[in-house]
Amino acid sequence: MTMKSPLQLLFEALDQVKDEQDLRSQVVPKIGEYFAAKRSGIFFFDQLPLVDSNLQKILKVGLSIEHNPVVRYLAERHAPVHEALVASPKVWTIICPRPDHWHVMAGPIVSRGQLMGVVGCTRDRSMPAFDTENLADLSAICLHLSVWAATVRAAKLSRRESQHQPLKTSRLTPRELQIAELVALGRTNAAIGRELWITENSVKQALKRMFRKLEVSSRAEMVAQLSATKYNLPSVKMSPSKDRELNNLQF
């Protein structure tokens, strides 16, 4: 059996995390370890307003296209870069005088053609500079990060949208919605059958299906659930007497 490389193990670790909090706590340290970095981190631009105000000011300057040529390279090329590609050592120390940022390497997290975040590593003056092999490995990591971020955010958006949609009620057919409207008006199964030109037994069987789909056990529950959705059933004030009236009707 072929042994997996440290880079492949890093990909697998990334595949296991479920959200951005786990990404930072579980994967970012592994990235830093892989590149023997002094510091490592991941930033998503849409989350910068959520961080501490002091850190926000630092990041606003550090991630500025005008101020930082590394970030400008990322924004223009969507490719990993280290400081030696964009500035001389002297110029870099002026741009970023921090001793633990003597060497910097950063890669893009991209979604729909836009730069949505950055993954970065730094080394201090006593450590070797990042090289082309490091850039190649970071490029592979960025590819996986971009796919992961797009997948996780799409799933989050889907869950958020589902919370605002009546998923259960959307399972009803147009005919079942007609029956529900007549139930809300207090019609009996026989009356519904006559109005829709179907048998009373067909109405009864349809109601059984509708109860299962909506996960309810009474006509009153069904009317209440449907009245709260986009289907706008006739308004029914669910007083105790009305509740009993609906539920005393045939199934």
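Definitions and limits used
Residues numbered from 1 in each chain as written. Predicted model: local features only at pLDDT ≥ 70, side-chain atom pairs only at ≥ 80, totals over all residues. Heavy atoms only, no water. Helix = DSSP H or I, 4+ residues; strand = E, 2+ residues; numbered from the N terminus. Buried < 20%, exposed > 50% of the residue type's maximum accessible area, 1.4 Å probe, protein only. Contact = heavy atoms within 4.5 Å. Areas by Shrake-Rupley, 256 points an atom, 1.4 Å probe, with all protein chains shown as cover. Core = buried A, V, L, I, M, F, W, Y, C linked by side-chain atoms within 4.5 Å. Salt bridge = Lys/Arg side-chain N within 4 Å of Asp/Glu carboxyl O. Axes fitted to C-alpha atoms, helices over the stretch in contact; angles between N-to-C directions. Parallel < 35°, antiparallel > 145°, perpendicular 65-115°, else oblique. Nonpolar A, V, L, I, M, F, W, Y, C, P; charged D, E, K, R; others polar. Arc of directions from axis to C-beta. 1 Å grid on protein atoms, 1.4 Å probe; cavity = no way out; pocket = protein on both sides within 12 Å on 5 of 7 lines; lining within 4 Å. Points joined across faces, edges and corners; volume = space filled by probe spheres on them. Pairing = 2+ DSSP bridges.

Asks: Summarise the overall build of the protein chain; cite the residues concerned and give the values.
Replies: Along its length, the protein chain carries 11 helices and 4 strands. Within the protein chain, the proportion of its 251 residues that are buried is 39%. Here the analysis covers contacts within the protein chain between residues at least 6 apart in sequence; of these, 58% occur between residues at least 24 apart. Counting every atom, the protein chain has about 15000 Å² of accessible surface; 54% of that belongs to carbon and sulfur.

Asks: Give a description of the nonpolar core that names residues and reports values.
Replies: In terms of nonpolar packing, the biggest core is built from 26 residues, with L23, I31, F35, I42, I141 and L145 touching the most fellow members. Elements with a minimum of two residues in this core: helix 1 (6-16), helix 2 (20-34), strand 1 (39-44), strand 3 (103-111), strand 4 (114-123) and helix 6 (132-162). In contact with L23, not counting residues within four places along its chain, are L14, V17, V28, I42, F44, L145 and W148. If you look at the next biggest cluster of nonpolar residues, it comprises 19 residues, including I179, A184, A206 and L207.

Asks: Can you explain the pattern of salt bridges? Please cite residues and give values.
Replies: Inspection of the entire model under this criterion finds 9 salt bridges. Its salt-bridge partner being R153, residue D46 comes within 2.5 Å of it at the nearest N-O pair. With D46 in the loop between strand 1 and helix 3 (53-62) and R153 in helix 6, this residue pair connects regions lying 107 residues apart in the sequence. What makes R153 partly exposed here is its relative accessible area of 21%.

Asks: Could you give an account of unusual backbone geometry, naming the residues involved and the relevant values?
Replies: Even without being a glycine, R112 presents a positive backbone phi close to 55 degrees. Tracing the backbone through its elements, the reader meets R112 in the loop between strand 3 and strand 4.

Asks: An account of the packing of helix 7 (residues 174-184) against helix 10 (residues 219-227) is requested, with residue identities and associated values reported.
Replies: Packing of helix 7 against helix 10 brings their axes to within 10 Å, and their N-to-C directions diverge by 110 degrees. If you check the angle between helix 7 and helix 10, you find them roughly perpendicular. Residues A180, V183 and A184 of helix 7 form the contact with helix 10, whose own contacting residues are R219, M222, V223 and L226. Here the residues of the contact of helix 7 with helix 10 are counted per class, giving 6 nonpolar, no polar and 1 charged.

Asks: Please set out helix 1 residue by residue, giving values where relevant.
Replies: Of the residues making up helix 1, those classed as buried are L7, L10, F11, A13 and L14. The arc that holds the buried residues of helix 1, viewed along the axis, is 160 degrees, so those residues lie on one side. Turned more than 90 degrees away from the buried face of helix 1, the exposed residues are D15 and Q16.

Asks: Pulling in residues and values, what's your account of the layout of surface pockets?
Replies: Estimates place the volume of the second largest pocket at around 250 Å³. Along the wall of the second largest pocket there are 11 residues; nearest its centre are R112, A150, R153, A154 and L157. Of the residues assigned to the lining of the second largest pocket, the class counts are 5 nonpolar, 1 polar and 5 charged.

Asks: Break down the sheet that holds strand 3 for me, with residues and values.
Replies: Spatially, 4 strands are ordered 1-4-3-2 in an open sheet, and the strand pairing comes out antiparallel. Looking along the sheet, the strands with just one partner apiece sit at the ends: strand 1 and strand 2 (81-82). In terms of strand pairing, strand 2 meets strand 3 through 2 bridges, oriented antiparallel. Along strand 3, the bridge assignment pairs V81 with A106. Across the sheet, helix 2 touches strand 1 and strand 4, and the angle it forms with strand 1 is around 145 degrees. Along the sheet face, helix 4 (residues 69-77) touches strand 2, strand 3 and strand 4 and points at about 30 degrees away from the line of strand 3.

Asks: Give me the lowdown on helix 8 (residues 189-196), citing residues and values where you can.
Replies: For an α-helix the count is 3.6 residues per turn, leaving residues at separations of three or four pointing the same way. Along helix 8, the residues that are buried comprise N189, A191, I192, G193 and L196. Against helix 7, helix 9 (200-214) and helix 10 lie the buried residues of helix 8. W197 lies just past helix 8 and shows a positive phi near 60 degrees.

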